[in-house]
Amino acid sequence: MYSIIVVPPAPGEDGRDDHASGQVRLAPGDRLAFGRSAHGNDLEIAHEGVSRRAGEVAAQGAFWTLSNFSRGQTYVVENPEGAGEHIKVAPGRLDAPVPFEFARIVLPAAGDLLTFQVWAPRHDYLGAAPGQDGATTAPAFSLDRGKRYFAVLTALCEPRLRGEPHAPLPTVDQVVARLRPGWPAASRTSVQWNIDYLAVKLRLKPGPDAAAPGPRLNGKKESLVSLALRFDLVREDDLQSLGPAAPASAGTAVR
């Protein structure tokens, strides 16, 4: 079973027309060498700023590694779906694991930045485990998707889940307006109460019955959204529960 797909640059993508084209599929254990030379490389990148033998991509089951054969250039692997998320592979580093399902390898080359993509679509999951003795493991985050607080959290996360990773968060009034079609009684007070409740429920601040009050939580909404998106507590599929977004929301939902 193929687990890694390497997508070379499109012809003429960087002003040249001498790049290879066509996807290359790698099965676990396969390796793909890339570099300037047409000999000894599976992917030729014909640019004078690229080493003759520049690096190697290796398929390792459900993930892949990158080796940097350059002696002086750091390679960058970007996550196109992340908010600037990337890793650096230092010169001479071998088999650096890459955690991104979709990735863009960036090669600095004599003033140019050359790129090609690597996809890792294979996902392996643990099968059903046989019955075990003892108490079940407590969930890390106990959230009920049918509750009002989850709708509030989803509305807070919506701008960034819709592909704007740096979007400002909606105000309380904007959350009220977003939720009111399905929650006619929504108000500033009820939404703010749910935000405060979420901060306690997700352990960002101590509850009212704590022995000692904790420090004041600044940026409460930002902390909630950051935690929710980092651990996939709210996912893109959850946006369906909010109903269709207003046509103007892409440009005016948050300010």
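How each quantity is defined
- Residues numbered from 1 in each chain as written.
- Predicted model: local features only at pLDDT ≥ 70, side-chain atom pairs only at ≥ 80, totals over all residues.
- Heavy atoms only, no water.
- 1 Å grid on protein atoms, 1.4 Å probe; cavity = no way out; pocket = protein on both sides within 12 Å on 5 of 7 lines; lining within 4 Å.
- Points joined across faces, edges and corners; volume = space filled by probe spheres on them.
- Helix = DSSP H or I, 4+ residues; strand = E, 2+ residues; numbered from the N terminus.
- Nonpolar A, V, L, I, M, F, W, Y, C, P; charged D, E, K, R; others polar.
- Buried < 20%, exposed > 50% of the residue type's maximum accessible area, 1.4 Å probe, protein only.
- Contact = heavy atoms within 4.5 Å.
- Phe/Tyr/Trp six-rings, centres within 6.5 Å; stacked < 30°, edge-to-face > 60°.
- Polar contact = N/O pair within 3.5 Å; in protein donor to acceptor, adjacent residues only side chain to side chain.
- Axes fitted to C-alpha atoms, helices over the stretch in contact; angles between N-to-C directions.
- Parallel < 35°, antiparallel > 145°, perpendicular 65-115°, else oblique.

Colleague: Can you lay out the layout of surface pockets for me, pointing to particular residues and giving the numbers?
Modeller: Taken as a whole, the largest pocket holds about 1,100 Å³ of empty space. Lining the largest pocket are 30 residues, and of these Asn79, Glu81, Glu85, Leu229 and Asp232 sit closest to its centre. Secondary structure elements with two or more residues in the lining of the largest pocket: strand E6 (63-68), helix H1 (148-161) and helix H4 (220-230). With five residues, the single largest contributor to the lining of the largest pocket is H4. The residue inventory of the lining of the largest pocket, partitioned by class, reads 14 nonpolar, five polar and 11 charged.

Colleague: Kindly report on empty space enclosed by the protein, identifying the contributing residues and their values.
Modeller: Inspection of the entire model under this criterion finds one cavity of 30 Å³ or more. Counted as a void, the largest cavity has a volume near 50 Å³.

Colleague: Residue-level account of the environment of Gly29, with values.
Modeller: Inspection of the secondary structure assignment puts Gly29 in the loop between strand E2 (24-26) and strand E3 (31-35). Gly29 sits in the exposed class, given a relative accessible area of 57%. Between the C-alpha atom of Gly29 and that of Gly61, which follows or precedes it by 32 residues, the distance is 7.6 Å.

Colleague: Describe the environment of Ala33, and please don't skip the residues or the numbers.
Modeller: Tracing the backbone through its elements, the reader meets Ala33 in strand E3. Separated by 22 residues in the primary sequence, Ala33 and Gly55 place their C-alpha atoms 5.9 Å from one another. Beyond its immediate sequence surroundings of up to four residues, Ala33 is in contact with Gly40, Asn41, Asp42, Leu43, Gly55 and Glu56.

Colleague: Go over the packing of aromatic side chains with me, naming the residues and quoting the values.
Modeller: With the rule as written, the count across this model stands at five aromatic pairs. Ring geometry for Phe34 against Tyr75: centres 6.4 Å apart, planes inclined by 45°, an arrangement best described as tilted. With a gap of 41 residues between them, Phe34 in strand E3 and Tyr75 in strand E7 (residues 75-78) connect regions that are remote in the sequence. Both residues of the pair, Phe34 and Tyr75, count as buried. Taking 5.5 Å as the distance between ring centres and 45° as the angle between the ring planes, the aromatic pair formed by Phe141 and Phe231 counts as tilted. Taken together, the residues span a long stretch of sequence, with Phe141 in the loop between strand E11 (112-119) and H1 and Phe231 in the loop between H4 and helix H5 (249-252) at a distance of 90 residues. Since its relative accessible area comes to 26%, Phe141 is described here as partly exposed. Ring pairing ties together the aromatic residues Phe34, Tyr75 and Phe116, which thus form one cluster.

Colleague: Which residues make up the side chain of Arg178, and what values do they have?
Modeller: Relative to the assigned elements, Arg178 resides in helix H2 (residues 172-179). For Arg178, a relative accessible area of 16% translates into the label buried. For Arg178, the side chain forms a polar contact with the main-chain oxygen of Leu242, separated by 3.1 Å. Filtering out sequence-adjacent residues up to four positions away, Arg178 remains in contact with Ala155, Glu158, Arg162, Leu242, Gly243, Pro244 and Ala245.

Colleague: A description of the packing of H2 against helix H3 (residues 188-201) should follow, citing residues and the corresponding values.
Modeller: Two elements in contact, H2 and H3, have axes whose closest approach is 9 Å; the angle formed by their N-to-C orientations is 105°. Comparing their axes, H3 and H2 come out roughly perpendicular. Packed against H2, whose contacting residues are Val172, Asp173, Val175 and Val176, the element H3 presents Arg188, Val191, Gln192 and Ile195 at the interface. Across the contact of H2 with H3, the residue classes tally to five nonpolar, one polar and two charged.

So yeah, pure geometry; function would need other evidence.
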